[in-house]
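# What the coordinates show
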Amino acid sequence: MPSLQTSLPPELANNVVRLYRECLRRAKFIGKQQHNTELVVGMVRQQFKKHMNETDPEKIQKLKDDAARGLINHMLFESAKLTGGKVSQRS
């Protein structure tokens, strides 16, 4: 399966620290909108800390893809809200 990170700028996708920072920025943005910033930011931090000692390259790539997927989904959601487009909910 191809990496989802190709949808992100390479300087973000290839650097875990930058990916972490961008996830935190998005978490703060979402948290401010929903008045639960500490909770959302804490969840992001918890996930990154949980896997910070991972050494398996395939597992690291999957974790980075998951983080990239979350960022992309949020960007698409916000873009659809701004343009008045319909946001589909998959279950």
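Just above sits the structure.
Throughout what follows, the structure given in this document is the object of discussion. (Residues numbered from 1 in each chain as written. Predicted model: local features only at pLDDT ≥ 70, side-chain atom pairs only at ≥ 80, totals over all residues. Heavy atoms only, no water.)

For the rest of this paragraph, the subject is the overall build of the chain. In terms of helices and strands, the chain carries four helices and zero strands. Along the chain, helices and strands appear, N-terminal first, in the series α-α-α-α. Taken across its 91 residues, the chain has 24% of its residues classed as buried. A separation of at least 24 residues holds for 60% of the contacts in the chain among residues at least 6 apart in sequence. About 7,100 Å² of surface is accessible on the chain, with carbon and sulfur atoms providing 55% of the total. (Helix = DSSP H or I, 4+ residues; strand = E, 2+ residues; numbered from the N terminus. Buried < 20%, exposed > 50% of the residue type's maximum accessible area, 1.4 Å probe, protein only. Contact = heavy atoms within 4.5 Å. Areas by Shrake-Rupley, 256 points an atom, 1.4 Å probe, with all protein chains shown as cover.)

We now examine the side chain of E78. Along the chain, E78 falls in helix 4 (residues 57–83). A residue is classified by how much of its surface remains accessible, and E78, at 12% relative accessible area, is buried.

Despite not being glycine, H35 shows a phi value in the positive range, around 60°. Of note, H35 is situated in the loop between helix 2 (16–34) and helix 3 (37–50). Overall, the relative accessible area of 73% leaves H35 in the exposed class.

The next point concerns a positive patch on the surface. The grouping of K28, K32, R45 and K49 at the surface amounts to a positive patch. Along the chain, the position of K28 falls in helix 2. Given a relative accessible area of 40%, K28 falls into the partly exposed group. (Patch = residues over 30% accessible without salt bridge, like charges linked within 9 Å, V, L, I, M, F, W, Y side chains within 5 Å. Salt bridge = Lys/Arg side-chain N within 4 Å of Asp/Glu carboxyl O. Lys, Arg positive; Asp, Glu negative; His and termini not counted. Charge placed at Lys NZ, Arg CZ, Asp CG, Glu CD.)

Enumeration over the complete set of coordinates arrives at one aromatic pair. With 4.8 Å between their ring centres and 65° between their planes, Y20 and F48 make a pair best called edge-to-face. Of this pair, Y20 sits in helix 2 while F48 sits in helix 3, and the two are 28 residues apart along the sequence. In this structure F48 comes out as partly exposed when scored by relative accessible area, which is 22%. (Phe/Tyr/Trp six-rings, centres within 6.5 Å; stacked < 30°, edge-to-face > 60°.)

So, about helix 3. In this model helix 3 runs 20 Å from its N-terminal to its C-terminal C-alpha over 14 residues, within 8% of the 20 Å that 1.5 Å per residue would give. When we look at burial in helix 3, the residues that qualify are V40, V41 and V44. Buried residues along helix 3 cover an arc of 95° about the axis, so they all sit on one side. Residues of helix 3 that are exposed and point more than 90 degrees away from the buried face comprise E38, L39, Q46, K49 and K50. Buried residues along helix 3 sit in contact with helix 2. (Expected span 1.5 Å × (residues − 1). Arc of directions from axis to C-beta.)

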